[in-house]
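As a plain string of letters, each chain reads:
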Amino acid sequence: MRFEMEEKDSVAWVRASRVGPVFRIHLNRGDARNPLGAEMVQALGEAVESASALGGVRVILFTAAGPAFSAGGNLGNLGDRLAAAAGPDGKDPIAAGNRRYGEFLTRLTQVPQVTVACVQGAAMGGGAGLACAVDISIGSPEARFGFPETAIGLVPGQILPFVAARLGLPAARRLMLTGRRIDAAEACRIGLLDHVAESHQALPALTRQVLESILATAPQASARTKRMLGQLPMAPLESNAALCGYLDAASELFAQQMRTEALEGVSAAREKRPARWNEAAELSALDLA
């Protein structure tokens, strides 16, 4: 088990604790900006399954250690991932790994409990996707969001349906096709965040207020309303079968990009230089007057 049901320092990827009706899932690798690699995703999935199976749990709350909520997918082990052999089914291991995050997000949207994210810092890529997939997102003024995948030669395949469902297609297009980062105020304006605290110190009090509002609703009415919302046509996709098919295809596209353009994109990011495809310098000759 990669998460611990105790509030104490540990090497677990995720720490989980329960206080009455609130089950807290705490991303526990703050020193590494809580990367969403295979072990973290598995730990998150295990924690969500534990929370959903417990009687009396009405809220699943995501928090994170360190200055960042989550920097997104883990690209530090890129070489190992590229060298990994295909599984018994012949599926590209990169596609299989990518697909597991989509499975986690899909399951997260299906639990009857109200899901809440408390974002204290940067949430990038898959981290921003998690903030979009929960029912309610709360942030500090220092929270920052972005979808840098296309800038490093990847595609936001597994998170795209959940981001588009929360933000709508125009905002999803704008953020994903430019890679632009936004602050907490802009995130709240476009609906990525539902609430922004006045200060970092005020974030716990605001989170408590939101939790109190959730717990003031009738349990069955809340769970059934959430189920009804998930059945609307504007939910991630119109049916679970359609969503599953989309995420399967998206994982293959992700793997193709990881093995092609991302090799240059990740190298450029590590070396703090423009990628070879970056033609922004050419704009100096563009007359926009």
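Computed from a predicted model, the values in this text were never measured in an experiment. (Residues numbered from 1 in each chain as written. Predicted model: local features only at pLDDT ≥ 70, side-chain atom pairs only at ≥ 80, totals over all residues. Heavy atoms only, no water.)

Peer 1: Please clarify how the pairing of strand E2 (residues 14-19) should be interpreted in this entry.
Peer 2: Along any regular strand, the residues point their side chains to alternate faces of the sheet. Of the strand pairs in this sheet, E2 and strand E3 (residues 22-27) are connected by 6 bridges, and their pairing is antiparallel. Within the sheet, the bridge partner assigned to Arg18 lies in E3 and is Phe23. The turn linking E2 back onto E3 is made up of 2 residues, and Gly20 within it adopts a positive phi angle of 60°. (Pairing = 2+ DSSP bridges. Helix = DSSP H or I, 4+ residues; strand = E, 2+ residues; numbered from the N terminus.)

Peer 1: How should the sheet that holds strand E9 (residues 182-183) be read in this particular structure?
Peer 2: Through backbone hydrogen bonds, the strands of a sheet pair up, either in parallel or in antiparallel fashion. Sheet architecture is open: 3 strands sit in the order E6-E8-E9, paired in mixed fashion. Two strands lie at the open edges of the sheet, namely strand E6 (122-124) and E9, each paired on one side alone. Here strand E8 (residues 144-146) runs beside E9; their pairing, made up of 2 bridges, is antiparallel. Looking across to E9, one finds that Phe145 is bridged to Ile182. Lying over the sheet, helix H4 (residues 126-133) contacts E6 and E8, oriented at roughly 95° with respect to E6. (Contact = heavy atoms within 4.5 Å. Axes fitted to C-alpha atoms, helices over the stretch in contact; angles between N-to-C directions.)

Peer 1: Hey, could you run me through the side chain of Ser52 in this one?
Peer 2: Within the fold, Ser52 resides in helix H1 (residues 38-53). Here the side chain of Ser52 touches Glu49 through a polar contact of 3.0 Å, landing on its backbone oxygen. Within the structure, Ser52 has its side chain in polar contact with the side chain of Arg107 (distance 3.4 Å). Excluding residues that lie within four positions of it along the chain, Ser52 makes contacts with Arg107, Val111 and Gln113. (Polar contact = N/O pair within 3.5 Å; in protein donor to acceptor, adjacent residues only side chain to side chain.)

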